[in-house]
Amino acid sequence: QQQVKQSPQSLIVQKGGISIINCAYENTAFDYFPWYQQFPGKGPALLIAIRPDVSEKKEGRFTISFNKSAKQFSLHIMDSQPGDSATYFCAALMGGKLIFGQGTELSVKP
Amino acid sequence: DTAVSQTPKYLVTQMGNDKSIKCEQNLGHDTMYWYKQDSKKFLKIMFSYNNKELIINETVPNRFSPKSPDKAHLNLHINSLELGDSAVYFCASSPQESGFSTNEKLFFGSGTQLSVL
């Protein structure tokens, strides 16, 4: 019940395209849904986050869409750039514990 | 300048040895964590401490013992290392913000890659 399922495992997008990563959860007690970005050799860094009372949040080229009834949320990266190539993790928070998805390795081709 | 720093960055050791990883944060945060990232990049929480007090202790073998001498430091000691302990270990910290759920924003260190031979 504490799992967060993320897909796809890997994604290749052309420069300028839209990258979409999806996550699903089961436990309705989760109350905060962040996305983290991790570059090779570095720790994950918070990218953008959303609460379940909001359906969409946008920060620059990054947008989270949240569907509470379906218990799904997704990250959209508009105008994807080679510098966006990294591993992306969705996560969900409950009781002070952040549960991560399995990660998506994004590669943006020039 | 570094917010969350952990040492060493790489640790190569033999099975059965005991090793420690150190972590320090200069952000003034109250809560610190250890996460383990396996070879498939899956991140899993191991421990969290709030102001030197153990808050979360996941199902981790008791060969792993965290120690927090003060709220800016959280070290991880591992006894009798096994092959399966090979992973990247991340230290992280988070502020405690009134009005929100605690532990929302994690600030991660750069990781310690542990290889057990």
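As a reminder, the structure under discussion sits directly above these lines.
Figured I'd write up the structure that's included with this text. (Residues numbered from 1 in each chain as written. Chains lettered and ligands numbered in written order. Predicted model: local features only at pLDDT ≥ 70, side-chain atom pairs only at ≥ 80, totals over all residues. Heavy atoms only, no water.)

What follows deals with the overall build of chain A. Looking only at helices and strands, one finds zero helices and eleven strands in chain A. Of the regular secondary structure in chain A, the N- to C-terminal order runs β-β-β-β-β-β-β-β-β-β-β. What you see for chain A is a C-alpha radius of gyration of 13 Å, in line with the 13 Å of a compact globule of 110 residues. Taken along its principal axes, the extent of the C-alpha atoms in chain A is 40 × 30 × 20 Å. For chain A, the proportion of its 110 residues judged to be buried stands at 48%. In chain A, the share of contacts with a sequence separation of at least 24, taken over all contacts with a separation of at least 6, comes to 53%. About 5200 Å² of surface is accessible on chain A, with carbon and sulfur atoms providing 50% of the total. Within chain A, one finds 11 positive and 8 negative side-chain charges whose respective centroids are separated by 3 Å. (Helix = DSSP H or I, 4+ residues; strand = E, 2+ residues; numbered from the N terminus. Rg over C-alpha atoms; globule rule 2.2 N^0.38 Å. Buried < 20%, exposed > 50% of the residue type's maximum accessible area, 1.4 Å probe, protein only. Contact = heavy atoms within 4.5 Å. Areas by Shrake-Rupley, 256 points an atom, 1.4 Å probe, with all protein chains shown as cover. Lys, Arg positive; Asp, Glu negative; His and termini not counted. Charge placed at Lys NZ, Arg CZ, Asp CG, Glu CD.)

Now for the sheet that holds strand β8 (residues 73–78) of chain B. By way of backbone hydrogen bonds, the strands of a sheet pair with one another, either parallel or antiparallel. Residues and elements named next belong to chain B. Read across the sheet, four strands follow the order β1-β3-β8-β7 without closing on themselves; strand pairing throughout is antiparallel. Each edge of the open sheet is held by one strand with a lone partner, namely β1 (4–7) and β7 (64–70). Strand-to-strand twist in this sheet, taken as the mean axis angle between neighbours without regard to direction, amounts to 20°. By the bridge criterion, four bridges tie β1 to strand β3 (residues 19–25) in an arrangement that is antiparallel. When the bridges of β3 are listed, T7 appears paired with K22. (Pairing = 2+ DSSP bridges. Axes fitted to C-alpha atoms, helices over the stretch in contact; angles between N-to-C directions.)

Moving on to the nonpolar core. Ranked by size, the top nonpolar core spans 26 residues in total, and within it V4(A), F30(A), F33(A), W35(A), F73(A), L75(A) and Y88(A) carry the most contacts. The element that contributes the greatest number of residues to this core is strand β9 (residues 86–94) of chain A, accounting for five residues. Residues V4(B), W34(B), A87(B) and Y89(B) belong to the second largest nonpolar core, which totals 19 residues. (Core = buried A, V, L, I, M, F, W, Y, C linked by side-chain atoms within 4.5 Å.)

Take the sheet that holds strand β8 (residues 72–77) of chain A next. Residues and elements named next belong to chain A. One open sheet accounts for five strands, arranged β1-β3-β8-β7-β6; its pairing is antiparallel. In this open sheet, the two strands that pair with only one neighbour each are β1 (4–7) and β6 (56–59). If you compare each strand with its neighbour and ignore which way they point, the axes differ by 15° on average. Two strands pair when backbone bridges link them, and β6 and strand β7 (residues 62–67) are joined in this way by four bridges, in the antiparallel orientation. Within the sheet, the bridge partner assigned to E59 lies in β7 and is F62.

This brings us to the interface of chain A and chain B. At the interface, 20 residues of chain A touch 22 residues of chain B. Between chain A and chain B the total buried area reaches about 1700 Å² when both faces are included, carbon and sulfur atoms providing 53% of it. Here chain A and chain B share two salt bridges between them. In this structure, E105(A) engages K41(B) in a salt bridge whose closest nitrogen and oxygen atoms are separated by 3.9 Å. The tally of links between chain A and chain B comes to seven residue pairs in polar contact (both at pLDDT 80 or more). Going through the elements one at a time, β4 (33–38), β9 and β10 (97–100) of chain A are the ones with two or more residues in the side of chain A that touches chain B. (Buried area = accessible area lost by both parts, 1.4 Å probe. Salt bridge = Lys/Arg side-chain N within 4 Å of Asp/Glu carboxyl O. Polar contact = N/O pair within 3.5 Å; in protein donor to acceptor, adjacent residues only side chain to side chain.)

A separate point is the environment of K71(B). Residue and element names in this part refer to chain B. Residue placement: K71 occurs in the loop between β7 and β8. Overall, K71 belongs to the partly exposed group, its relative accessible area being 33%. Distance in space between the C-alpha atoms of K71 and T31 is 7.3 Å, their sequence separation being 40 residues. In contact with K71, other than residues within four places in its own chain, are Q25, G28, H29, D30, M32, N51 and K52. Looking at K71, its side chain comes within polar contact range of the side chain of D30, at 2.8 Å.

Within the structure shown, the criterion is met by eight salt bridges over all chains. Its salt-bridge partner being R61(A), residue D84(A) comes within 2.8 Å of it at the nearest N-O pair. Of the two residues, D84(A) sits in the loop between β8 and β9 while R61(A) sits in the loop between β6 and β7, which places them 23 residues apart along the sequence. Among the residues examined, D84(A) registers a relative accessible area of 5% and is labelled buried. It is possible to trace a salt-bridge network through shared partners that takes in K97(A), K44(B) and E58(B).

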